[in-house]
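This is what each chain is made of:
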Amino acid sequence: MTVVDAHAHVIVPCLGGKVIRAAVRAFVDLGKILEEQDRAGVDRVVLCPWVNLVGRETARQNEGLAALVGPRVAVLGTVDLERPDELVELMQDGRFSGVEVAASVDGDYLGHDRFADFWA
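Enquirer: Just checking my understanding: could you explain the pattern of salt bridges for this structure?
Expert: When the charged atoms of two side chains lie near each other, side chains of opposite charge can form a pair. Enumeration over the complete set of coordinates arrives at nine salt bridges. Salt-bridge contacts for Arg95 lead to Glu63; the nearest nitrogen and oxygen are separated by 3.0 Å. Here Arg95, found in the loop between α3 (84–93) and β4 (98–99), pairs with Glu63, found in helix α2 (residues 58–66); they are 32 residues apart in sequence, far enough to count as distant. The class for Arg95 is partly exposed, based on a relative accessible area of 33%.

Enquirer: Hey, could you run me through the side chain of Gln37 in this one?
Expert: Residue position: Gln37 is located in helix α1 (residues 30–40). Exposure remark for Gln37: the relative accessible area of 5% places this residue in the buried category. Residues contacting Gln37, with those up to four places away along its chain left out, are Asp5, Ala8, Val42, Val45 and Arg72.

Enquirer: When you look at the packing of aromatic side chains in this model, what are you seeing that I'm missing?
Expert: What characterises a pair of aromatic rings is the spacing of the ring centres plus the angle enclosed by the ring planes. Counted according to the given criterion, the structure contains one aromatic pair. Taken together, a centroid distance of 4.9 Å and an interplanar angle of 85 degrees make the contact between Phe118 and Trp119 edge-to-face. A relative accessible area of 7% places Phe118 in the buried class.

Enquirer: Which parts of the structure should I look at to understand the sheet that holds β4?
Expert: Whether parallel or antiparallel, the strands of a sheet pair through hydrogen bonds between backbone atoms. Strand order in the open sheet formed by four strands is β1-β2-β3-β4, and the pairing between neighbours is parallel. The two strands at the open ends of the sheet, each matched to only one other strand, are β1 (4–10) and β4. Here strand β2 (residues 44–49) runs beside strand β3 (residues 73–77); their pairing, made up of three bridges, is parallel. Looking at β3, one finds that Leu47 is bridged to Val75.

Enquirer: Even after reading the chapter, I still don't get the pairing of β2, so can you show me in this structure?
Expert: One face of the sheet, then the other: side chains in a regular strand alternate in exactly this way. Counted residue by residue, β2 has five buried out of six residues, so it is predominantly covered. The pairing of β1 with β2 spans five bridges and is parallel. The partner of Val4 across the bridge, within β2, is Arg44. Traced from β2 through α2 to β3, the parallel crossover comes out right-handed.

Quick notes on the rules
Residues numbered from 1 in each chain as written. Predicted model: local features only at pLDDT ≥ 70, side-chain atom pairs only at ≥ 80, totals over all residues. Heavy atoms only, no water. Salt bridge = Lys/Arg side-chain N within 4 Å of Asp/Glu carboxyl O. Helix = DSSP H or I, 4+ residues; strand = E, 2+ residues; numbered from the N terminus. Buried < 20%, exposed > 50% of the residue type's maximum accessible area, 1.4 Å probe, protein only. Contact = heavy atoms within 4.5 Å. Phe/Tyr/Trp six-rings, centres within 6.5 Å; stacked < 30°, edge-to-face > 60°. Pairing = 2+ DSSP bridges. Right-handed = clockwise from strand over helix to strand, strands pointing away.

Here's what the structure looks like:
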């Protein structure tokens, strides 16, 4: 049986500028994240963008996320919900297992008409 952590947040180093610390677990250092996964008995991990960064600086984040892909690591990218072409390009890239989207953008929830092209 393979144990998969299907939702572990990561902040890619290319978005640096500030030291990021957490009392609970590592969010930046892939080696430390994998050490934590080892201690938990996890074989594979799906890393996804930190919630506050979803949909922001998508090109930089996605390149940083794609660089983390490996034998034990899959990643979810991030896209601008109002740029459905970005989703198509990202999924054709081949390095991403999907995307993480925010529950709302500027107060509009995912079912809002302004996101219809994204869902199409």
